[in-house]
Amino acid sequence: MPADLDRTLRDCGLGVAASGGRCAFGPNEDPDAIRQLIEHVGDVDCVVVSHGSPMISAEVMDGAPNLKIIGELEGDRFAYRIDVESAWERGIRTVDTTHGSSYPVAEWALALILISLRNAGASFRSILAGDAPQSTHNDFGYLHGELSGKRVGLIGCGHIGRRLVKYLRPFEVDIRVYDPYLASEMPDAIGVVKTSLENVLSKSNVIVCLAPLTPATEGMVGRRELDMIPSNSVFVNVSRGTVVDSDALIARLKRGDIVAGLDVFDPGADSTGQ
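As the structure is a computational prediction, the values presented were derived from the model and not from experiment. (Residues numbered from 1 in each chain as written. Predicted model: local features only at pLDDT ≥ 70, side-chain atom pairs only at ≥ 80, totals over all residues. Heavy atoms only, no water.)

Enquirer: Can you walk me through the overall build of the chain in this structure?
Expert: Secondary structure assignment for the chain yields twelve helices and nine strands. By residue count, 37% of the 274 residues in the chain fall in the buried class. The contacts of the chain with a sequence gap of at least 6 include a subset with a gap of at least 24, amounting to 59%. (Helix = DSSP H or I, 4+ residues; strand = E, 2+ residues; numbered from the N terminus. Buried < 20%, exposed > 50% of the residue type's maximum accessible area, 1.4 Å probe, protein only. Contact = heavy atoms within 4.5 Å.)

Printed below as a string of structure tokens:
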């Protein structure tokens, strides 16, 4: 509530600096936002950054001689908005909550799997359109709606992926993982099979994209990869929109033989699929 926020800021000696807009990935490079930040940090002991924040650079730190700690409130790439090395050189502690969102995202991934297997999105759209959903024996959700016993393929197996593996266990699924950075002992420790991206895509009933957005993963799942997905499968993306070529995904979905559950998408993609 606004009143609670105002009281917290007043009682704890806190202040909020406007960021000039959200920048979900990377620092805010707007000169006015950077100027406002420098103006606000002159006498602070702590800075907490989130989406929309400019980089807490060496210049910013030099303008805040009392600064003792920098925290990252939200984000999946810690060093996006903090010059960590400059902070360490100055004896400034750095902390983050990068993996704090792993629990809810893993839960949402499981929910999207169940929703997509039942093709519940199509039924929901029918209800919104004023049509009574018609359940038929050839409906995707009727034929493929059960998760139990299926093969699930994960693209990426970091904190969110490993949490999702735990959530999937009661369904007695066969889990295959593509993650080139996964430690060699980890698959045996968590009970999954490490394999190639091609195998995850072509031999799974459910594919879940969990890869972080990096220069190497941007557009990683494109037309070639999407064409590997077998008919009657489900594709779920809870990572970042630009990891998947949205136009290629739209084209694949127009074939009408798979269902997608999307937490994210690329807003720059051609939503018409043309």
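Enquirer: Where do I start with the pattern of salt bridges in this structure?
Expert: Side-chain pairs of opposite charge can arise whenever the charged atoms involved come near each other. Taken as a whole, this structure holds twelve salt bridges when the rule is applied. The partner of D227 in a salt bridge is R255, and the shortest N-O contact between them spans 2.9 Å. Of this pair, D227 sits in helix α11 (residues 223-227) while R255 sits in the loop between α12 (246-253) and β9 (259-262), placing them 28 residues apart in sequence. Residues joined by salt bridges that share partners form a network here, namely D32, R35 and E39. (Salt bridge = Lys/Arg side-chain N within 4 Å of Asp/Glu carboxyl O.)

Enquirer: Just to check I follow, could you spell out unusual backbone geometry for this structure?
Expert: Across residues other than glycine, the phi torsion is negative in most instances, and most of the peptide bonds are trans. Of note in this structure, N119 is not a glycine but carries a positive phi near 50°. Structurally, N119 can be placed in the loop between α5 (102-117) and α6 (120-128). Residue class for N119 comes out buried when judged on its relative accessible area of 17%. Positive phi, normally seen in glycine, also occurs at E172, with a value near 55°. The topology assignment puts E172 in the loop between α8 (159-168) and β5 (174-178).

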